[in-house]
Amino acid sequence: MSSASLTADLDAVLADANVRLAAAVDLDAVSALDAEFLGKKSAVTAAKKQLGQLDPADRKEVGQAINAARTTLEAEVAAARDRLAAGARQAQYEAERLDLSERLNEVRRGSLHLNTQARDRLEDVFVCMGFTVAEGPEVETAWYNFEALNIPEWHPARGSFDTIFVNLGEPEEVMLRSHTSPVQIRTMENTEPPIYIVAPGRTFRTDTADATHLPAFNQIEGLVIDRGITLGDLHGTIEAFVHAFFGGDVKTRLRPSYFPFTEPSAEFDISRDDGSWLELGGCGMVHPNVLHNCGIDPEQWQGFAFGFGIDRLAVMRYELDDIRELVNNDVRFLRQF
Ligand code: FA5
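Bear in mind the structure is a predicted one, so any value in this text is a computation, not a measurement. Along every chain, residues carry numbers that run from 1 in the direction the sequence is written. Side-chain atom pairs in this predicted model are given and counted only at pLDDT of 80 or more, local residue features only at pLDDT of at least 70, and totals for whole chains, interfaces and linings cover all residues. No hydrogens and no water enter the side-chain calculation; it runs on all heavy atoms of the structure.

1. Considering the environment of Ala 4
Part 1 of the argument: Each helix is a run of DSSP H or I of at least 4 residues and each strand a run of E of at least 2, with the numbering of both proceeding from the N terminus. Secondary-structure assignment places Ala 4 in helix H1 (residues 3-23).
Part 2 of the argument: C-alpha separation for the pair Ala 4 and Val 62, spaced 58 residues apart in sequence, amounts to 8.7 Å.

This is the structure in structure tokens:
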């Protein structure tokens, strides 16, 4: 073995390695080439072993050539590894990429609950008629829920409200309001007449849920206090509201009734398609005792009040069979509206 042929062999190995490393398609292929060109059985290792058989004068030069070839091969293997590792990383990024703009299902828009829709519409109708919207607390005292409304403790009507009491203060002193009428009192206490308000809100009774009753339901109260107000104004207001809310075909009627806080009192019904009537709420001229309890002179001011169930109104407007649909929270039902 001459030093010239050894050096020529190394040049051939370098050229071969250069081409094949450049063509390697994955890291396994580079590892195989690493073993082939730099491992125990590689040409470079074999050349080193043959160094001893060379003319001592040539050894240094050939030894340097072998080391240089090894260094070159190592650098080329490392470069090939880097190139493929970067490619593999890039491929992995591509494979694992999340397209955050992608939507598998159309996003469904929610909608307001039927009660909220009915309440918003009611407010709109009354605001257009010149009323403002008032509010009151859901937990009330006996004064606001009963006494100021001309329902003293001994009054039989107190029982008809099926009140849910709260375990606070004296027995039967604090309660979940059983109607929105306490907001009448709170408004008259704080506002100088003339007064034109509606007060929507939640109300509570011990009623068992059935097709027309819920234990927690919604009412809207109306109160007008002004000079020279008559029953005719009350009927006209109810008629105007019903027409605005349901359309011109629906008729209204007042039936004599009794509430301690109005005199005279009436219940008002609206006509249904099948010719029957549905009771919507109670109304009447504000009782002089109630005005008096709120510091308003009944000789100077008169007024009317009404209160009806918003849930019953929603049942009517959306033609539901059962008021409990409003609270079952079945999205298949709610999505229809
Ligand atoms: C009252 O609550 C009176 N405060 C109404 C009133 C106000 C009269 C102002 C005069 C002047 P009543 O108990 O009838 O009255 O209830 C009024 C309406 O609330 C009923 O007509 C009905 O529409 C609704 N309602 C009553 N109880 C329930 C219930 N358990 N579930 C759903 N709606 C109900």
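Still more ground to cover, so stick around.
2. A word on the nonpolar core
Part 1 of the argument: Only buried residues count toward a nonpolar core, which is a set of Ala, Val, Leu, Ile, Met, Phe, Trp, Tyr and Cys residues joined through side-chain atoms within 4.5 Å. Relative accessibility thresholds used throughout: buried, under 20% of the residue-type maximum; exposed, over 50%; partly exposed, between the two (1.4 Å probe, protein chains only). If you look at the biggest cluster of nonpolar residues, it comprises 39 residues, and the most contacted ones within it are Leu 122, Phe 126, Phe 241, Phe 306 and Phe 308.
Part 2 of the argument: For this core, the element with the highest residue contribution is helix H9 (residues 231-246), accounting for 6 residues.
Part 3 of the argument: Excluding anything up to four places from it in sequence, Phe 308 contacts Leu 122, Phe 126, Asn 218, Gln 219, Ile 220, Phe 241, Phe 268, Leu 280, Gly 281 and Leu 313.
Part 4 of the argument: Grouped together as the second largest cluster of nonpolar side chains are 27 residues, Ala 142, Ala 199, Ile 296 and Ala 305 included. Contact between two residues is taken to exist if any of their heavy atoms lie within 4.5 Å; hydrogens are not considered.

3. Side note on unusual backbone geometry
Part 1 of the argument: Here the amide bond leading from Pro 193 into Pro 194 is cis, since omega sits at 0°, within 30 degrees of zero.
Part 2 of the argument: Cis geometry is adopted by the peptide bond preceding Pro 264, which originates at Glu 263 and carries an omega value of -5°.
Part 3 of the argument: In this structure, Pro 264 sits in strand S8 (residues 262-271).
Part 4 of the argument: A positive phi is found at Asp 162, a non-glycine position, where the angle reads about 45°.
Part 5 of the argument: Within the secondary structure, Asp 162 is located in the loop between helix H7 (157-160) and strand S3 (164-165).

4. Some details on the packing of aromatic side chains
Part 1 of the argument: Pairing of aromatic rings covers Phe, Tyr and Trp, the last through its six-membered ring, and needs centres within 6.5 Å; plane angles under 30 degrees mean stacked, over 60 mean edge-to-face, and all others mean tilted. Within the structure shown, the criterion is met by 14 aromatic pairs.
Part 2 of the argument: For the ring pair Phe 241 and Phe 308, a centre distance of 5.0 Å and an interplane angle of 20° mean the geometry is stacked. With Phe 241 in helix H9 and Phe 308 in strand S10 (residues 302-309), this pair connects stretches of sequence that are 67 residues apart.
Part 3 of the argument: Assessed through its relative accessible area of 1%, Phe 241 is described here as buried.
Part 4 of the argument: A relative accessible area of 1% means that Phe 308 is categorised as buried.
Part 5 of the argument: The structure contains a cluster of three or more aromatic residues connected by ring pairs, namely Phe 126, Phe 131, Tyr 196, Phe 241, Phe 245, Phe 246, Phe 268, Phe 304, Phe 306 and Phe 308.
Part 6 of the argument: Over the face of the ring belonging to Phe 245 we find Arg 121, whose NZ or CZ atom lies 5.5 Å from the ring centre.
Part 7 of the argument: Sitting over the face of the ring of Trp 301, Arg 227 holds its NZ or CZ atom 4.1 Å from the ring centroid. Only Lys NZ and Arg CZ are tested; either one counts as a charge over a ring when it is within 6 Å of the ring centre and within 35 degrees of the ring normal.

5. Quick look at the sheet that holds strand S5 (residues 195-204)
Neighbouring strands of a sheet are bound in pairs by backbone hydrogen bonds; such pairs are parallel or else antiparallel.
Part 1 of the argument: Strands pair, by our definition, only if DSSP identifies at least two bridges between them. Across the sheet, 7 strands lie side by side as S1-S5-S6-S10-S9-S8-S7; this open sheet has mixed pairing. For this open sheet the edge positions go to strand S1 (132-133) and strand S7 (252-259), each flanked by a neighbour on one side alone.
Part 2 of the argument: Angles run from 0 to 180 degrees between N-to-C directions of axes, and those axes are lines fitted to C-alpha atoms, restricted for helices to the stretch in contact. Sitting on the sheet, helix H5 (residues 114-128) is in contact with S1, S5, strand S6 (216-226) and S10, with an inclination near 165° to S5.
Part 3 of the argument: Against the sheet, helix H11 (residues 310-317) contacts S5, S6, S8, strand S9 (277-286) and S10, and its axis sits at roughly 60° relative to S10.

6. A closer look at the site of the ligand
Part 1 of the argument: Taken together, the neighbourhood of the ligand is formed by 26 residues, with His 179, Arg 205, Asp 207, Leu 214 and Glu 279 sitting nearest.
Part 2 of the argument: Between the ligand and Arg 205, the relevant distance is 2.9 Å, taken from an oxygen atom to a side-chain nitrogen or oxygen of the residue.
Part 3 of the argument: In protein, a polar contact requires one atom able to donate a hydrogen and another able to accept it; more generally it is a pair of N or O atoms within 3.5 Å, and residues adjacent in sequence count only if both atoms are side-chain atoms. A distance of 2.7 Å is found between a nitrogen atom of the ligand and a side-chain nitrogen or oxygen belonging to Asp 207.
Part 4 of the argument: Residue burial considers only the protein chains on display, and all accessible areas are found by Shrake-Rupley using a 1.4 Å probe. A total of 680 Å² of accessible area belongs to the ligand in isolation, and the protein chains cover 95% of it.
Part 5 of the argument: Looking at which element gives the most residues to the shell around the ligand, the answer is S9, with 5 residues. Proximity is defined per residue: any heavy atom of the residue falling within 4 Å of a molecule or strand makes that residue near it.

7. Side note on the environment of Ile 323
Part 1 of the argument: Structurally, the position occupied by Ile 323 is in the loop between H11 and helix H12 (331-334).
Part 2 of the argument: Residue Ile 323 is classed as buried on the basis of its relative accessible area, which comes to 3%.
Part 3 of the argument: Each C-alpha atom of the pair Ile 323 and Asp 210 lies 7.5 Å from the other, and the pair is 113 residues apart in sequence.
Part 4 of the argument: In contact with Ile 323, other than residues within four places in its own chain, are Asp 210, Ala 211, Thr 212, His 213, Leu 214, Asp 311, Arg 312 and Val 315.

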